[in-house]
Amino acid sequence: MSASGRPFRILGIQQIALGAPDKGRLRRLWVELFGLPVTGTFVSERENVDEDICALGHGPLKVEVDLMQPLDPDRKPAVHVPPLNHVGLWVDDLPKAVEWLTSQGVRFAPGGIRRGAAGFDICFIHPKGNDEFPIAGEGVLIELVQAPPEVIRAFDALAAGAV
């Protein structure tokens, strides 16, 4: 447990997710012009998303860049509004993080901890608070992502070398 009493660590950026009515324009910039490789795809009726999963960087510290479009632009969730849909953060202990953050008044989006598009356990902090859970992303959807052991080791090694 950290000195602050927090039973988990946020390690770094796991992903950014960008949405548009048609992901073709996002692909033009991120894949064709920037040269990011497409490492996978994910389609979910439940989450109303058709996404290409790209990689920025290499190894355990690479950042996922998700290029998303809605399956139905008139349905929720609207993965294209706002265009910067969400930010994903690596967490070293997702269940402890969710338990502790909930006890601190953080509002989570429905769905709980579940398997995400890239195969990691995930959950979302809601962009808006409410009376019961007043702490939220203040307009930003935040995805908490369970870091696998190699990511935790890479961040620990990087921190150990820092002065």
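Residues numbered from 1 in each chain as written. Predicted model: local features only at pLDDT ≥ 70, side-chain atom pairs only at ≥ 80, totals over all residues. Heavy atoms only, no water.

A.B. asks: Before we go on, may I ask you to explain the overall build of the protein chain in this structure?
C.D. replies: In terms of regular secondary structure, the protein chain is built from 3 helices and 8 strands. Shown N-terminal to C-terminal, the secondary structure of the protein chain runs as helices and strands in the order β-α-β-β-β-β-α-β-β-β-α. Here the C-alpha atoms of the protein chain give a radius of gyration of 16 Å, agreeing with the 15 Å that 2.2 N^0.38 yields for 163 residues. With respect to the three principal axes, the spread of C-alpha positions in the protein chain is 45 × 45 × 25 Å. Looking at the protein chain as a whole, 42% of its 163 residues qualify as buried. Across the protein chain, contacts joining residues at least 24 apart in sequence account for 57% of those joining residues at least 6 apart. When the accessible surface of the protein chain is totalled, it reaches about 9100 Å², and 59% of it is carbon and sulfur. Averaging the coordinates of the 16 positive side-chain charges in the protein chain and doing the same for the 21 negative ones gives two points 2 Å apart. (Helix = DSSP H or I, 4+ residues; strand = E, 2+ residues; numbered from the N terminus. Rg over C-alpha atoms; globule rule 2.2 N^0.38 Å. Buried < 20%, exposed > 50% of the residue type's maximum accessible area, 1.4 Å probe, protein only. Contact = heavy atoms within 4.5 Å. Areas by Shrake-Rupley, 256 points an atom, 1.4 Å probe, with all protein chains shown as cover. Lys, Arg positive; Asp, Glu negative; His and termini not counted. Charge placed at Lys NZ, Arg CZ, Asp CG, Glu CD.)

A.B. asks: It is not clear to me how the pattern of salt bridges should be interpreted in this structure. Could you clarify?
C.D. replies: Pairing between side chains of opposite charge can happen when the charged atoms of each approach one another. Considering all chains together, one arrives at 10 salt bridges under this definition. A salt bridge links Arg 114 to Glu 47, with the nearest nitrogen and oxygen atoms 4.0 Å apart. With Arg 114 in strand β6 (residues 114–115) and Glu 47 in the loop between β2 (38–44) and β3 (49–56), this residue pair connects regions lying 67 residues apart in the sequence. Between Asp 93 and Lys 96 there is a salt bridge, with the nearest N and O atoms lying 3.9 Å from each other. On the basis of relative accessible area, Asp 93 is assigned to the partly exposed category, the value being 21%. Here the salt bridges share partners, and the residues they tie into one network are Lys 23, Arg 27, Asp 50 and Asp 52. (Salt bridge = Lys/Arg side-chain N within 4 Å of Asp/Glu carboxyl O.)

A.B. asks: So what exactly am I meant to see when it comes to the nonpolar core here?
C.D. replies: Side chains of a nonpolar character, in soluble globular proteins, are inclined to be buried together. Core analysis: the largest hydrophobic core is formed by 14 residues, its most contacted members being Leu 101, Phe 108, Cys 123, Ile 125 and Leu 144. Ignoring sequence-local partners within four residues, the contact set of Leu 144 consists of Ile 10, Leu 89, Val 91, Leu 94, Leu 101, Phe 108, Asp 121, Ile 122, Cys 123 and Ile 125. Listed in part, the 10 residues of the second largest apolar core include Trp 90, Phe 124, Ala 147 and Val 151. (Core = buried A, V, L, I, M, F, W, Y, C linked by side-chain atoms within 4.5 Å.)

A.B. asks: So what exactly am I meant to see when it comes to the side chain of Asp 50 here?
C.D. replies: Summarising the element assignment, Asp 50 is placed in strand β3. For Asp 50, a relative accessible area of 17% gives the class buried. Here the side chain of Asp 50 touches Lys 23 through a polar contact of 2.7 Å, side chain to side chain. When sequence neighbours within four positions are dropped, the list of residues in contact with Asp 50 reads Lys 23, Phe 42, Val 43, Leu 67, Met 68, Gln 69 and Leu 71. (Polar contact = N/O pair within 3.5 Å; in protein donor to acceptor, adjacent residues only side chain to side chain.)

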